[in-house]
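Residue strings, one per chain:
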Amino acid sequence: MLITPEIRFERNQATTSKVSKQDALKRIIPQPQKVEFNRGTATLDNSWQISFQGQLKSEVMVFMQDLQDDYGLMLKAQPEHIKVAKQKLISLKVNPQLAAGKSESYTLEIDDERIEIVGSDNAGVFYAMQSLLNLLPANSQGAVEIPQLELEDSPRYGWRGMHYDNGRNYHGKDAMFKLVEQMARYKMNKLHWHFSEDEGWRWPKRAN
C-alpha cells in the first residue's frame, strides 16, 4: 500500500491519546523536573503588581510586554526595595544557592494572591516566566485563570539548540526574530546560525 499523507493522518489519529482541556492547560513544555498542582486557581488580572530585584529589570520588561501583547494585562512593576501596598504580587528574585548553584534553575509557586519566582540566575528567572506563560490559556484577555502549584526545575541538558541555515535559505529578518522568540518560549539556549555558506557567497556564473 502506498502511504499517503491522508493515510498517515488517519493512523496517527488512531494512536494519539486524547487529552482533556484541563490537563492540556497544566502542561508545561519542556516538562519540569518536579511539579505539584494544588486545588484551586488564581485569577491573574490588572490588580496584580510585580516586585523584582534590580538586576532583573531587562527580564521584567520582556515579561510585561508579553503579558500586555498576548493577554491584555498591564501590570505595574517596582524594584523590591520600594514597598508596595498589600495586594496580589508577583515576586521575582535570584538566589545563586538554588539547586546547588546549577545555572538556569528555578522554582515557581502560585497561590491565590502571590506568585513567587526564584532563579539561580537571571536565565532561571526568565525560564520560570516562560513556564508561567505556558499556563495562561491562549486567547484570554484581561483576566486569566491559572492553576495553583509548586514547581522546581533545572535543565537536563546545558546545550539546548536550534540550527538555522539562512546561508542557503533566507527567510528575512522577521522570521529570524520569530524563531528566537519561540526558542525562548521553549527554553532553548543555543542558536546554531549558518549566517553564510559556500552557496551564500557564490554569484551566478556570467554567460560569455
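Heads up: the structure comes first, above all this text.
This one's a predicted model, so the numbers in the text were calculated from it and none came from an experiment. (Residues numbered from 1 in each chain as written. Predicted model: local features only at pLDDT ≥ 70, side-chain atom pairs only at ≥ 80, totals over all residues. Heavy atoms only, no water.)

Novice: Help me understand helix H5 (residues 173-185), please; the structure alone is not making it clear to me.
Specialist: Helix length check: H5, at 13 residues, gives a terminal C-alpha distance of 19 Å against a target of 18 Å (1.5 Å per residue), a fit within 8%. Considered for burial, the residues of H5 that qualify are Met176, Met183, Ala184 and Arg185. Turning to H5, the residues buried within the fold contact helix H3 (57-71), helix H4 (122-134), strand E8 (161-165) and strand E9 (190-194). (Helix = DSSP H or I, 4+ residues; strand = E, 2+ residues; numbered from the N terminus. Expected span 1.5 Å × (residues − 1). Buried < 20%, exposed > 50% of the residue type's maximum accessible area, 1.4 Å probe, protein only. Contact = heavy atoms within 4.5 Å.)

Novice: Explain the pattern of salt bridges to me, please; I cannot follow it from the model alone.
Specialist: Side-chain pairs of opposite charge can arise whenever the charged atoms involved come near each other. Across all of its chains, the model carries four salt bridges by this definition. In this structure, Arg185 and Asp66 form a salt bridge, with 3.7 Å as the shortest nitrogen-oxygen distance. A residue pair is termed long-range when its members are at least 10 positions apart, and Arg185 in helix H5 and Asp66 in helix H3 qualify at 119 residues. Like Asp66, Arg185 is buried. Where Asp70 meets Arg185, a salt bridge forms, and the shortest distance between an N and an O atom there is 3.1 Å. Here the residue Asp70 occupies a position in helix H3, and Arg185 occupies one in helix H5, the gap between them amounting to 115 residues. (Salt bridge = Lys/Arg side-chain N within 4 Å of Asp/Glu carboxyl O.)

Novice: Would you explain the environment of Leu151 in this entry?
Specialist: Relative to the assigned elements, Leu151 resides in strand E7 (residues 143-153). Under the relative-accessibility criterion, Leu151 is labelled buried at 2%. Separated by 114 residues in the primary sequence, Leu151 and Phe37 have C-alpha atoms spaced 8.4 Å apart. Setting aside residues up to four positions removed in sequence, Leu151 forms contacts with Ile28, Pro32, Lys34, Val35, Tyr106, Thr107 and Leu108.

Novice: Explain the side chain of Lys187 here, please?
Specialist: Its place among the elements puts Lys187 in the loop between H5 and E9. Among the polar contacts made by the side chain of Lys187, one reaches the side chain of Ser131 at a distance of 3.0 Å. The contacts of Lys187, once residues within four sequence positions are left out, are Ile28, Ile29, Pro30, Tyr106, Tyr127, Gln130, Ser131 and Arg160. (Polar contact = N/O pair within 3.5 Å; in protein donor to acceptor, adjacent residues only side chain to side chain.)

Novice: How should I be thinking about the sheet that holds strand E5 (residues 106-110) in this particular structure?
Specialist: The strands making up a sheet associate through hydrogen bonds between their backbones, and the pairing can be parallel or antiparallel. On the basis of which strands lie adjacent, the open sheet formed by seven strands has the order E1-E7-E5-E6-E4-E2-E3 and mixed pairing. This sheet does not close on itself; its edge strands, each paired only once, are strand E1 (34-45) and strand E3 (76-79). The mean angle between the axes of side-by-side strands here comes to 20°, regardless of whether they run parallel or antiparallel. Sitting on the sheet, H3 is in contact with E1, strand E2 (49-52), E3, strand E4 (89-94) and E7, with an inclination near 165° to E2. Sheet contacts for H4: E4, E5, strand E6 (114-119) and E7; angle to E5, the most-contacted strand, approximately 40°. (Pairing = 2+ DSSP bridges. Axes fitted to C-alpha atoms, helices over the stretch in contact; angles between N-to-C directions.)

Novice: Before we go on, may I ask you to explain unusual backbone geometry in this structure?
Specialist: Negative phi is the rule for most residues except glycine; trans is the rule for most peptide bonds. Here the amide bond leading from Ile29 into Pro30 is cis, since omega sits at -5°, within 30 degrees of zero. If you trace the backbone, Pro30 turns up in the loop between helix H2 (21-24) and E1. A positive phi angle, close to 55°, is found at Ala99, a residue other than glycine. Tracing the chain through its elements places Ala99 in the loop between E4 and E5. For Glu104, which is not a glycine, the phi torsion comes out positive at approximately 70°. Within the secondary structure, Glu104 sits in the loop between E4 and E5.

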